[in-house]
Amino acid sequence: MEINIYKMTLQDLEEIADILETDFDNFWNYNILKQEISNSNSLYLVSKNSDNTIVGFAGVQFILDEANITNIVTKKIYRNQGIGSLLLEQLIYNSKKNGMSSITLEVNENNSFAIKLYNKFDFVITGFRKKYYNGKDNAIIMTLKL
């Protein structure tokens, strides 16, 4: 499958607004994503297949010299096809290009697919946040030095 990655626009967000919670994950809602896309300290990317259908998106915030990945989400029917890896590669590339010294993220301790992805890119565990997700699941903090 051919995947192209672009900077996410408000038009892209409008395109997936009705399916954000059903076809992706319900971590981030439309209004939060709209604010993030408009934030000059954030970069959101969108992945599209050859039909120009949005199959994933990812975001990163730049704070001083550190990048913080806010999300990497692949449309449920397109998971495990390398789209998350492509998005993560681009987040890392753009973080380096913007002079960041490291990238940090939080991941649910029960999200073994995401943890495996981050390990593949040499992220290391640097901490934990107890009951970070829904007041139940712990978050693993992972960092990649650039």
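Above this text you will find the structure in question.
Remember, it's a predicted structure, so these values are computed and weren't measured experimentally.

Caption draft 1: Molecular detail of the pairing of strand β4 (residues 66-74). Most of β4 is tucked away, with 8 of its 9 residues classed as buried. Relative to β4, strand β3 (residues 54-63) runs antiparallel, the two sharing 8 bridges. The partner of V60 across the bridge, within β4, is I69. Where β3 hands over to β4, the hairpin turn is made up of 2 residues, of which L64 adopts a positive phi near 55 degrees. Relative to strand β5 (residues 102-108), β4 runs parallel, the two being bridged by 3 bridges. The residue of β5 that forms the bridge with N68 is T104. Note that the unit made of β4, helix α4 (residues 83-97) and β5 has a crossover that is right-handed.

Caption draft 2: Fine view of the pattern of salt bridges. In the structure shown here, the tally under the stated rule is 3 salt bridges. In this structure, D12 and K48 form a salt bridge, with 3.0 Å as the shortest nitrogen-oxygen distance. Residue D12 is located in helix α1 (residues 10-16), and its partner K48 is located in strand β2 (residues 42-49); the two are separated by 36 residues in the primary sequence. Each of the two residues, D12 as well as K48, counts as buried. One salt bridge connects E106 with R129, and the closest N-O pair in it is separated by 2.5 Å. With E106 in strand β5 and R129 in strand β6 (residues 124-133), this pair connects stretches of sequence that are 23 residues apart. A relative accessible area of 22% places E106 in the partly exposed class. R129 sits in the partly exposed class, given a relative accessible area of 35%.

Definitions and limits used
Residues numbered from 1 in each chain as written. Predicted model: local features only at pLDDT ≥ 70, side-chain atom pairs only at ≥ 80, totals over all residues. Heavy atoms only, no water. Buried < 20%, exposed > 50% of the residue type's maximum accessible area, 1.4 Å probe, protein only. Helix = DSSP H or I, 4+ residues; strand = E, 2+ residues; numbered from the N terminus. Pairing = 2+ DSSP bridges. Right-handed = clockwise from strand over helix to strand, strands pointing away. Salt bridge = Lys/Arg side-chain N within 4 Å of Asp/Glu carboxyl O.

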